[in-house]
Amino acid sequence: MERAAARDLLARYASRFSVRALDLTVDSSLLWVGAALAIVAAVILAYVPRLPSADTSNAQPVERHPRITGSTSRRQRIFAVTQIAASFVLLAGASA
């Protein structure tokens, strides 16, 4: 009952911007997929190794140009590509 009221409220608000907003429907399977993806993303990001930071507690002298090893650079590139790919998937899903 409350879901229908929330949907109607959202549809009335959105009707200011779109003529089709009054035909708004909520697909529960899509909501479950979104919630599952959010949980998976949270778990994955919780276990991603920390990216290099300005932490200098290793007792090494601070260099003007810190050295980044190949594996660190590779991890950063993989992480960036994954984020960009996920963004494109979300944009494609939102436009459908």
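Residues numbered from 1 in each chain as written. Predicted model: local features only at pLDDT ≥ 70, side-chain atom pairs only at ≥ 80, totals over all residues. Heavy atoms only, no water.

1. A look at the overall build of the protein chain
Within the protein chain one finds three helices and zero strands. Start at the N end of the protein chain and walk to the C end: the helices and strands fall as α-α-α. Residue burial in the protein chain is summarised as follows: out of 96 residues, 3% are buried. Taken as a whole, the protein chain presents about 9100 Å² of accessible surface, with 64% of it coming from carbon and sulfur. (Helix = DSSP H or I, 4+ residues; strand = E, 2+ residues; numbered from the N terminus. Buried < 20%, exposed > 50% of the residue type's maximum accessible area, 1.4 Å probe, protein only. Areas by Shrake-Rupley, 256 points an atom, 1.4 Å probe, with all protein chains shown as cover.)

2. Examining a nonpolar patch on the surface
A cluster of nonpolar side chains, Leu10, Tyr13 and Phe17, forms an exposed patch at the surface whose accessible area comes to about 360 Å². Secondary-structure assignment places Leu10 in helix α1 (residues 2-14). A relative accessible area of 48% places Leu10 in the partly exposed class. (Patch = residues over 30% accessible without salt bridge, like charges linked within 9 Å, V, L, I, M, F, W, Y side chains within 5 Å. Salt bridge = Lys/Arg side-chain N within 4 Å of Asp/Glu carboxyl O.)

3. So, the confidence of the model for the protein chain
On average, the protein chain scores 76 in pLDDT, and the residues at 70 or more come to 72%. Per-element confidence in the protein chain is highest for helix α2 (residues 28-47), whose mean pLDDT is 86, and lowest for α1, whose mean pLDDT is 78. (pLDDT = per-residue confidence, 0-100.)

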